[in-house]
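Residue-level structure breakdown
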Amino acid sequence: MSHYKELKKVTTNSLIEMKEAGVKISMLTAYDYTFALIVDGAGIDVILVGDSASNVMAGHVSTLPITLDQMIYHAQSVVRATNRALVVCDLPFGSYQGNSKNALESSIRIMKEAEAHAIKLEGGEEVVESVKRILTAGIPVMGHLGLTPQSIFKFGTYNVRAKEEKEAEKLLHDAELLEEAGCFALVLEKIPAKLAEQVAKNLKIPVIGIGAGGGVDGQVLVLHDMLGMTKEFNPRFLRRYLNLHDEITNAVGKYIDDVKSKDFPNASEQY
Ligand code: KIV
């Protein structure tokens with residue numbers, strides 16, 4: 001359980017306090033009411049309504065197809081379930097890139113219609129103007145650097161990012177720009193652990209890693225991956241805490257057998 005479970009509500013300020021106190025931040029994705037209720041009740045610090053919903057919930061091969069309306073629907077369900085965690089919602093692909101007015105409008109829709117607590121967007125220097133503009137409306141912004149899945153067709157692969165010096169230097173610079181612009185936290189995805197640790201040391205804001213080693217201020221995983229519901233996705237950084245894929249398959253198989261054999265329902269399971 002989180003050391004901060006006694007906190008009534010997690011805020012952007014409490015995350016900064018956790019970094020200062022050396023308490024690691026826990027973050028998981030959720031996209032629906034039932035899972036969000038469980039994750040929040042377990043004491044998670046941050047729930048990310050990630051655009052990974054595009055893969056996990058809708059079965060797309062990338063995060064690009066999910067729409068702003070769909071993200072708002074997911075965020076509404078999560079917010080309804082959440083008492084304590086800070087709820088951060090991703091700005092989906094096409095709702096902010098290259099247009100800070102659009103970025104502000106999309107963020108306002110998320111805050112107003114879903115009542116999320118903050119938004120997350122991907123990118124460095126190229127989104128700084130948007131970060132500043134979103135902040136003018138008082139909306140907290142989380143950054144996301146390293147492997148940024150909305151740019152997968154530019155990268156071409158889901159391999160580790162910023163292994164080369166030039167890309168590592170750009171990432172360090174982008175991280176500083178995002179902090180200066182006013183981001184309250186930063187996600188670093190799939191980059192070398194040493195580089196991630198350096199970013200976390202350079203910045204005052206918390207750095208939350210996924211595949212970025214233990215030298216950062218917190219960790220995030222996709223809930224369905226860490227619960228072992230997804231089978232095909234096996235990156236080195238993923239620790240599975242359950243094997244729900246097999247558990248659910250067995251339970252469903254047992255139910256089918258019970259129906260076919262007329263074992264279910266029995267005398268006490270009817271009116
Ligand atoms: O969409 C998502 O789930 C994310 C996490 C992988 C950080 O952005």
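Criteria and cut-off values
- Residues numbered from 1 in each chain as written.
- Predicted model: local features only at pLDDT ≥ 70, side-chain atom pairs only at ≥ 80, totals over all residues.
- Heavy atoms only, no water.
- Salt bridge = Lys/Arg side-chain N within 4 Å of Asp/Glu carboxyl O.
- Helix = DSSP H or I, 4+ residues; strand = E, 2+ residues; numbered from the N terminus.
- Buried < 20%, exposed > 50% of the residue type's maximum accessible area, 1.4 Å probe, protein only.
- Core = buried A, V, L, I, M, F, W, Y, C linked by side-chain atoms within 4.5 Å.
- Contact = heavy atoms within 4.5 Å.
- Pairing = 2+ DSSP bridges.
- Phe/Tyr/Trp six-rings, centres within 6.5 Å; stacked < 30°, edge-to-face > 60°.
- Lys NZ or Arg CZ within 6 Å of the ring centre and 35° of its normal.
- Axes fitted to C-alpha atoms, helices over the stretch in contact; angles between N-to-C directions.
- Parallel < 35°, antiparallel > 145°, perpendicular 65-115°, else oblique.
- Left-handed = near helix turned anticlockwise from the far one by under 90°.
- Nonpolar A, V, L, I, M, F, W, Y, C, P; charged D, E, K, R; others polar.
- Near = heavy atom within 4 Å.
- Polar contact = N/O pair within 3.5 Å; in protein donor to acceptor, adjacent residues only side chain to side chain.
- Areas by Shrake-Rupley, 256 points an atom, 1.4 Å probe, with all protein chains shown as cover.

1. Considering the pattern of salt bridges
Summed over the entire model, instances satisfying the criterion amount to 11 salt bridges. The salt bridge partner of Glu105 is Lys101, with a shortest N-O separation of 3.0 Å. Here Glu105 pairs with Lys101, and both are found in helix 5 (residues 100-114), just 4 residues apart, close to one helical turn. For Glu105, a relative accessible area of 42% translates into the label partly exposed. Residue Lys101 is classed as partly exposed on the basis of its relative accessible area of 45%. Between Lys201 and Glu197 there is a salt bridge, and its shortest N-O distance comes to 3.2 Å. Taken as a pair, Lys201 and Glu197 lie in helix 9 (residues 193-202) at a separation of 4 residues, close to a single helical turn.

2. A closer look at the nonpolar core
Ranked by size, the top nonpolar core spans 83 residues in total, and within it Ile119, Leu121, Leu186, Leu188 and Val199 carry the most contacts. What Ile119 contacts, discounting residues up to four positions off in sequence, is Val88, Cys89, Leu91, Ser107, Ile110, Met111, Ile134, Ile139, Pro140, Val141 and Met142.

3. Examining unusual backbone geometry
Note: most peptide bonds trans; most residues except glycine with negative phi. Residues Phe264 and Pro265 are joined by a peptide bond in cis, for which omega reads -5°. Of note in the backbone geometry, Glu115 takes a positive phi value of approximately 60° without being a glycine. Considering the arrangement of structural elements, one finds Glu115 in the loop between helix 5 and strand 4 (118-120). In the Ramachandran plot, Ala162 falls in the positive-phi region, its phi being about 60° despite a non-glycine side chain. On the secondary structure map, Ala162 appears in the loop between helix 7 (152-155) and helix 8 (165-181).

4. As for the pairing of strand 8 (residues 218-221)
Direction of pairing for strand 1 (residues 25-29) relative to strand 8: parallel, over a ladder of 4 bridges. Directly across from Leu28, in strand 8, lies its bridge partner Leu221. By the bridge criterion, 2 bridges tie strand 7 (residues 207-210) to strand 8 in an arrangement that is parallel. Each bridged residue has a counterpart across the sheet, and for Gly209 the counterpart in strand 8 is Gln219.

5. Some thoughts on the environment of Val141
Inspection of the secondary structure puts Val141 in strand 5 (residues 141-146). It is 17 Å that separates the C-alpha atoms of Val141 and Leu28, two residues lying 113 residues apart in sequence. In this structure, Val141 is in contact with Ile119, Leu121, Val131, Ile134, Leu135, Cys183, Phe184 and Ala185, ignoring residues within four places of it in sequence.

6. Brief notes about the packing of aromatic side chains
Counted by the stated rule, this structure contains 2 aromatic pairs. Summarising the aromatic geometry, the rings of Phe233 and Phe237 are spaced 6.4 Å apart at their centres and angled 70° between planes, so their arrangement reads as edge-to-face. If you follow Arg161 out to its NZ or CZ, it ends over the ring of Phe155, 3.8 Å from the centre.

7. Concerning the packing of helix 2 (residues 33-41) against helix 4 (residues 68-81)
Remark: helix 2 packs on helix 4, axes separated minimally by 8 Å, with the N-to-C direction vectors making an angle of 40°. As far as their axial angle goes, helix 4 and helix 2 are oblique. Helix-helix and strand crossings are classified by hand; for helix 2 and helix 4 the assignment is right-handed. Along its contact with helix 2, which presents Tyr33, Ala36, Leu37 and Asp40, the element helix 4 presents Ser77, Val78, Arg80 and Ala81. Of the residues in the contact of helix 2 with helix 4, the class split is 5 nonpolar, 1 polar and 2 charged.

8. Observations concerning the site of the ligand
Surrounding the ligand, one finds Thr29, Leu48, Gly50, Asp51, Ser52, Asp90, Lys120, His144, Val187, Glu189, Ile210 and Val222. Ser52 places a polar side-chain atom, nitrogen or oxygen, 2.5 Å from an oxygen atom of the ligand. With respect to the ligand, the side chain of Asp90 contributes an N or O atom lying 3.2 Å from an oxygen atom. Calculation on the ligand without its partners gives an accessible area of 260 Å², and the protein chains cover 95% of this total. For the shell around the ligand, the residue count by class is 4 nonpolar, 4 polar and 4 charged.

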